[in-house]
Amino acid sequence: MPMKSVVVGLMIAGCVAAAGSLRVDAQTPAAQRTPGSVERNLTWPEMKTKEAQTLVAKARELAKNDLVWEAQDACLEDGPAREPDGRPRMDTLMEPLKVFDNLYYVGFEQIGTWTLRTSEGLILFDTLNNPMEAETVLEPGLRKLGLNPADIKYIILSHGHGDHYGGATYFQQKYPNARVMMTAADWEMIARPRAPGRGGNAVPLPKRDMDITDGQKLTLGDTTISFGIYPGHTPGTIMNGVPVMDKGTRRMWVIPGGALQVPNRASLQAFEHIINDYFKPLQPEMFFNSHPQTMNDGVAQLNQIRKNPNGPNPLVYGKERGARIMDIWLACRRAWVVEKEATATN
Ligand SMILES: [Zn+2]
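The structure presented is a predicted model; accordingly, all values stated were derived computationally and were not measured.

Draft legend 1. Region of interest: the packing of helix H1 (residues 50–63) against helix H9 (residues 319–344). Where H1 contacts H9, the axes come no closer than 8 Å and their chain directions differ by 165°. Taken together, H1 and H9 sit at an angle that is classed as roughly antiparallel. As H1 runs across H9, the sense of the crossing is left-handed. Contacts from Glu-51, Ala-52, Leu-55, Val-56, Ala-59, Leu-62 and Ala-63 of H1 reach H9 at Arg-324, Asp-327, Ile-328, Ala-331, Cys-332, Arg-334, Ala-335, Val-338 and Glu-339.

Put into structure tokens, the structure is as follows:
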């Protein structure tokens, strides 16, 4: 396992906003959790306003008995929690894994890159923390999975935090045919000089290449990906709809960049728009992003897939539950926005 010996530096605390609300407690009833290693003591939020209470009640109803863990996680004030990046990264490097017929994971337990294989080449979703990880973890990981990094056609950056764009410059320099995509708002955000005294992340910025727009579709060979933008985690955080093959069956995967952070009314409107107009019609069945420990205990699920690659994929919720998950998101994100508006000035 030569990759385990890679010394990984430059910890980037780009996405830790949701980590503060995470509590680790072993007392959560097992029936309410996705089976796995991350234990979260989750409860339903206590709201003061009638409208927010009604919305949370709606989320509880939608959760039935089979989505309680997911719903309580999605109904946290700042969106789904994540395990803090407290452990040494080199100890949390995962073996590269084929997760679906044409979707692969390379990276750490906390952060990684998803790679989609299409009939015309590869699409990368995020790039790890920095060029060194791109060179010593991501590129060799792809090769180990039988993928050729020279086939990368697009690199889609979910948002402008270093743990997502950090490795992009490496690929831009080594594989100049790979196009790098991010929203204009986040290209502009990362180009702004950092406030003095704010700990600089020393990650080289990728060269601005393609802009992602709201409602955009990107087709590569047999695969078309859709994009929605919802400001909140950053000014231009995206969500993607991506078709994936699961043992020969086509299923839609939604990638919530920024993990459902919807801090205000403008963010909520964009969020409701992209869910209702773009992603619900796709009838998605899977929901995970570049942080496997966020939203669905992905590390445990990845390990389960590694152990039993021919079994049913634990990341698949199915269409009926997928529709309920998105309605739960809508109810809980709206609940927190109306709650905060009502309690902010009065
Ligand atoms: Zn982030």
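Let us keep going from here.
Draft legend 2. View of the sheet that holds strand S5 (residues 152–156). If you walk across this open sheet you meet the seven strands as S1-S2-S3-S4-S5-S6-S7, and the pairing is mixed. Each having just a single partner strand, strand S1 (97–100) and strand S7 (210–212) make up the two edges of the open sheet. For this sheet, the mean angle separating the axes of adjacent strands, direction not counted, is 25°. Relative to strand S4 (residues 121–125), strand S3 (residues 112–118) is paired through five bridges, and the arrangement is antiparallel. Looking at the pairing, Leu-116 lines up with Ile-123 of S4. On top of the sheet, helix H3 (residues 131–144) reaches strand S2 (103–107), S3, S4 and S5; it is set at about 145° to S2, its chief contact.

Draft legend 3. Focus on unusual backbone geometry. Phi is positive for Lys-247, close to 50°, though the residue is something other than glycine. Relative to the elements of secondary structure, Lys-247 occurs in the loop between strand S10 (238–246) and strand S11 (249–256).

Draft legend 4. A look at the pairing of strand S6 (residues 179–183). Counted residue by residue, S6 has four buried out of five residues, so it is predominantly covered. Sheet topology note: the S5/S6 ladder contains three bridges and is parallel. Residue pairing in the sheet places Ile-156 in a bridge with Met-181 of S6. As paired elements, S6 and S7 share three bridges and run parallel to each other. Within the sheet, the bridge partner assigned to Met-182 lies in S7 and is Asp-211.

Draft legend 5. Structural view of the packing of helix H7 (residues 265–279) against H9. Running from N to C, H7 and H9 cross one another at 165°; their axes reach a closest spacing of 10 Å. What the angle tells us is that H7 and H9 run roughly antiparallel. Every pair of crossing elements has a handedness; the one defined by H7 and H9 is left-handed. Residue-level contacts link Arg-265, Leu-268, Phe-271, Glu-272, Ile-275, Asn-276 and Phe-279 of H7 to Met-326, Trp-329, Leu-330, Arg-333, Arg-334, Val-337, Val-338 and Glu-341 of H9. The residue inventory of the contact of H7 with H9, partitioned by class, reads nine nonpolar, one polar and five charged.

Scoring rules and cut-offs
- Residues numbered from 1 in each chain as written.
- Predicted model: local features only at pLDDT ≥ 70, side-chain atom pairs only at ≥ 80, totals over all residues.
- Heavy atoms only, no water.
- Axes fitted to C-alpha atoms, helices over the stretch in contact; angles between N-to-C directions.
- Helix = DSSP H or I, 4+ residues; strand = E, 2+ residues; numbered from the N terminus.
- Parallel < 35°, antiparallel > 145°, perpendicular 65-115°, else oblique.
- Left-handed = near helix turned anticlockwise from the far one by under 90°.
- Contact = heavy atoms within 4.5 Å.
- Pairing = 2+ DSSP bridges.
- Buried < 20%, exposed > 50% of the residue type's maximum accessible area, 1.4 Å probe, protein only.
- Nonpolar A, V, L, I, M, F, W, Y, C, P; charged D, E, K, R; others polar.

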